[in-house]
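Structural description and commentary
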Protein chains: 2
Amino acid sequence: MGVDSVGSVEEIARRAKAASRVLATLPTGIKNGALKAMAQALPAHLPEILAANAQDMQAARAKGISDSLLDRLMLDEARVGAMSEALMEVAALPDPIGEVVKGWKVPNGLLINQVRVPMGVVGVVYEARPNVTVDATALAIKAGNAVILRGGSLAMASNLALTKIISEAAEKAGAPPASIQALPTADRESVDQLMKLDRYIDLLVPRGGKDLIKNVVANSTVPVLWAGAGNCHIYVHADADFDMAEEITINAKVQRPSVCNAAETLLVHRDLAGSLLPRLVSSLQAHGVTVHGCPTTQALPGVIPAVEEDWYTEYLGLEIAVKVVDSLGEAIDHINKYGTLHSEAIITKDYEAAKTFMAQIDSAAVYVNASTRFTDGAEFGMGAEIGISTQKLHARGPMGLTALTSKKYVIFGSGQVR
Amino acid sequence: MGVDSVGSVEEIARRAKAASRVLATLPTGIKNGALKAMAQALPAHLPEILAANAQDMQAARAKGISDSLLDRLMLDEARVGAMSEALMEVAALPDPIGEVVKGWKVPNGLLINQVRVPMGVVGVVYEARPNVTVDATALAIKAGNAVILRGGSLAMASNLALTKIISEAAEKAGAPPASIQALPTADRESVDQLMKLDRYIDLLVPRGGKDLIKNVVANSTVPVLWAGAGNCHIYVHADADFDMAEEITINAKVQRPSVCNAAETLLVHRDLAGSLLPRLVSSLQAHGVTVHGCPTTQALPGVIPAVEEDWYTEYLGLEIAVKVVDSLGEAIDHINKYGTLHSEAIITKDYEAAKTFMAQIDSAAVYVNASTRFTDGAEFGMGAEIGISTQKLHARGPMGLTALTSKKYVIFGSGQVR
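Right, let's walk through the structure included here. (Residues numbered from 1 in each chain as written. Chains lettered and ligands numbered in written order. Predicted model: local features only at pLDDT ≥ 70, side-chain atom pairs only at ≥ 80, totals over all residues.)

Focus on helix α16 (residues 351-360) of chain B
All names here are of chain B. To be explicit about the condition: Our exposure labels follow a C-beta count within 10 Å of each residue's own C-beta, placed from the backbone: buried means 20 or more other C-beta atoms, exposed means 12 or fewer, and partly exposed covers the counts in between. Think of it this way: any DSSP run of H or I at least four residues long counts as a helix, any run of E at least two long counts as a strand, and we number them from the N terminus. Directions from the helix axis toward the C-beta atoms define the arc. Throughout, a pair of residues is in contact if the C-beta atoms placed from their backbones lie within 7 Å.
Of the residues making up α16, those classed as buried are Ala353, Ala354 and Phe357. Across the axial projection of α16, the buried residues extend over an arc of 100 degrees, all falling on one side. Turned more than 90 degrees from where α16 packs its buried face, Tyr351, Glu352 and Lys355 sit exposed. Lining the buried residues of α16 we find α15 (328-338), β12 (343-347) and β13 (365-370).

So, the sheet that holds strand β6 (residues 203-207) of chain A
All names here are of chain A. Put simply, the test is: Note on pairing: DSSP must find at least two bridges between two strands before they are called paired. The convention used is that axes are lines fitted to C-alpha atoms, helices contributing only their stretch in contact, and that angles between N-to-C directions extend from 0 to 180 degrees.
Reading across from one edge, β5-β4-β3-β6 is the order of the 4 strands in this open sheet, with parallel pairing throughout. Strand pairing shows two members of the sheet lacking a second neighbour, β5 (180-182) and β6, which therefore form its edges. On average, each strand axis in the sheet is inclined to that of its neighbour by 20 degrees, with strand direction left out of account. Strand direction decides the pairing type here: strand β3 (residues 121-126) and strand β4 (residues 146-150), joined by 5 bridges, are parallel.

Structural notes on unusual backbone geometry
All names here are of chain B. Despite not being glycine, alanine 178 shows a phi value in the positive range, around 70 degrees. Residue placement: alanine 178 occurs in the loop between α8 (156-172) and β5 (180-182). Within the chain, leucine 316 stands out as a residue other than glycine whose phi angle is a positive 55 degrees. Within the secondary structure, leucine 316 sits in the loop between α14 (308-312) and β11 (319-325). A count of 14 C-beta atoms within 10 Å places leucine 316 in the partly exposed class.

Observations concerning the environment of Arg15(A)
All names here are of chain A. Mapped onto the elements of the fold, arginine 15 is located in helix α2 (residues 9-23). Judged by local crowding, arginine 15 falls into the buried class, with 21 C-beta atoms found within 10 Å. Note: C-alpha distance between arginine 15 and methionine 358 (343 residues apart in sequence) is 46 Å. If sequence neighbours within four positions are ignored, arginine 15 has contacts with Ala178 and Gln181.

Description of the pairing of strand β16 (residues 405-416) of chain A
Along β16(A), 9 of the 12 residues are buried, which leaves the element largely enclosed by surrounding structure. Judged from the 5 bridges that link them, β16(A) and β13(B) form a sheet pairing that is parallel. From the neighbouring strand, Gln416(A) faces β13(B), where its bridge partner is Ala370(B).

Here we look at the sheet that holds β5(B)
Residue and element names in this part refer to chain B. On the basis of which strands lie adjacent, the open sheet formed by 4 strands has the order β5-β4-β3-β6 and parallel pairing. Because the sheet does not close on itself, it has two edges, and the strands there are β5 and β6 (203-207). When the angles between neighbouring strand axes are averaged without regard to direction, this sheet yields 20 degrees. Pairing between strand β4 (residues 146-150) and β5: 3 bridges, direction parallel. In the strand pairing of β5, isoleucine 148 is matched with glutamine 181. In the packing of α8 onto the sheet, the strands contacted are β4 and β5, and the crossing angle to β5 comes to about 160 degrees.

Structural notes on the relation of the copies chain A and chain B
Heads up, the condition is: Least-squares fitting of one copy onto the other uses the C-alpha atoms of those residues that reach a pLDDT of at least 70 in both copies.
At an RMSD of 0.0 Å, chain A and chain B line up after a rotation of 180 degrees and a shift of 0.0 Å along the axis. The relationship between the two copies is best expressed as a two-fold rotation axis. Closest to the rotation axis within chain A is the C-alpha of His394(A), separated from it by 1.9 Å.

No statement about biological role is implied by the geometric values presented.
Have a look at this one:
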């Protein structure tokens, strides 16, 4: 799939729009058939995929790319198998398209239905994770959209190989041509072009680091749906159960520290400064966590002083900022000021405190007595997700299939005029 | 409310964010009380409003502003009364905030509720219609949002007078300070600043012409909700009832040609070229409509040849483009190519044709046997609207109160960890 055979970014977008017209009314059975065909095609083309990936890996190693990035880039039989499974899981989800979301009759007799429809053409801009190529395609196709994939340059060979395999499989199973396309280049210019093609592209989903998202949000004329950072908080209220507070704090910080729903700041009510606070800090330290503390917390052994910047920081590793607060109100103000509106939890036995926290915290997910780690499509029972939105428009929290859909009104009349 | 007393655009936004925290949990009664207080305050301050408006009108006349713009700018007792009524109507609407949109329990016992919440801070950028100041504020406050108003320079004195009156009334009735603020200047720079304050502003609503919307969409880092142009179509299928086709065509074109849901193009099936087409064209002409026709239509008396640009044009006046098409499919392709995805209607007796049209037309509102003029918040029974969205993200079609809301998850646990 070279530059010559597919043409310009605009031409790719134009072809995607044409495909989206057909995809929009494709029966569920054909869409699921395409997903299953993709799931079968991947292991059947394993040598091809691994060869392309070896090429990417070699080039990345030559560039001195970090081990963690190499690990994200690397494909093996198990990881290709996982992509296949993801496709089968999406095939098993109910088809969101065609749902009558609302319907009512107005006095003049018009029957108004609000119906769920595909978005149209979805562009996905991502970095060096080849699995996004398949995961994003699965959700886009199931929701009746054409997809344009623009992965990072490091994974170029892998992404093009995967795209070729799944797009051919989908087409054989009845999806229209150009349902699944990858941009042939990963230069900055191709993203710049994609972001301005609002005539053809209905939604752009940037998946990756802050700079990628910032660039897309600032420059896109295509509407954007992004998955933001997670500076998540645990607030332990004065009356919290000590065991529960410790278990949730450790789980939220330690179980998988590299993900966006892991906790980054612990707030503890001042009444617990002499009792639970030392226990929580030493338990975190015993789990290998570096503690950045407020003045009160700094009095405890091994605690590094927290600076202003720490309260804003998403460590994504075994570090945490700890602050003692005087009240529930101070905790809420701190979270709304420093947080990223992702996921926050209160640990309390107090009904009113729980109610106030739920009402006043302005985040996508607000927990009472549970770990922030549950903010996840699968944990929410939605099936696959394309990320966790921290924006307030359209989709907020785990974004499943419906995040890639729109709604339209269909109105049944019998000659009504105004 | 001069520059000195309110400070910079950023300071206004920061104050709005603080107000939004309080507004988010304000009881329905207080919000409605604030709306009613505003409704009473307007007629009570009529001389002040008319004096400010006279100032704007005088300056506008001195600038040689067109009569139609002057008419939009002009306020009198009746128009101020209409603003008051609009406030009372919004007060009477159900409060959208707090609605549990969905709720379910997952196997580990977590109870997940998806709850409707305010957007936060809503910025409205508009042109020379002072009534937008009041209408937009009414919807924003009812949905629990703080609002920042940036009207056009022509209406500056009117807008500042209106804002002062309604914000003071709201505050006396229990709304927090800075719930309703106007930018003190109407220069381009103030909009540029507003568009970049995503740290404080959650949603920007541009209301006005194409250039205004294009500028905001291209440059805003704040999520945008816009009301686009309406190049609406009527397609008359081969088997249409002649009387119904004529009545709907005339209504959609003539009843109020200056609005976005008026028809701009008429498509007629070729089977009707010798029968209904001449009748429709002469009826349109009898209503004062200039007809731009395709080659077949040009054969009729008084028809001007349509050029390619006509199919893209939103005339917003007594002009229409008329094209004869060979099939339903050609009509659908024409609409999806040239339309603005606003409102389209098919006139037919055929069940399958209606079904195909509804499924394949990619517009916010698709009608069978009714005028496109019904795409309107009040006609849809939603009450007041802030415009008709032709974007696919978040809100599509008439945007009522819920367009100014977001949703968040609140999760009730009992110590769950992963």
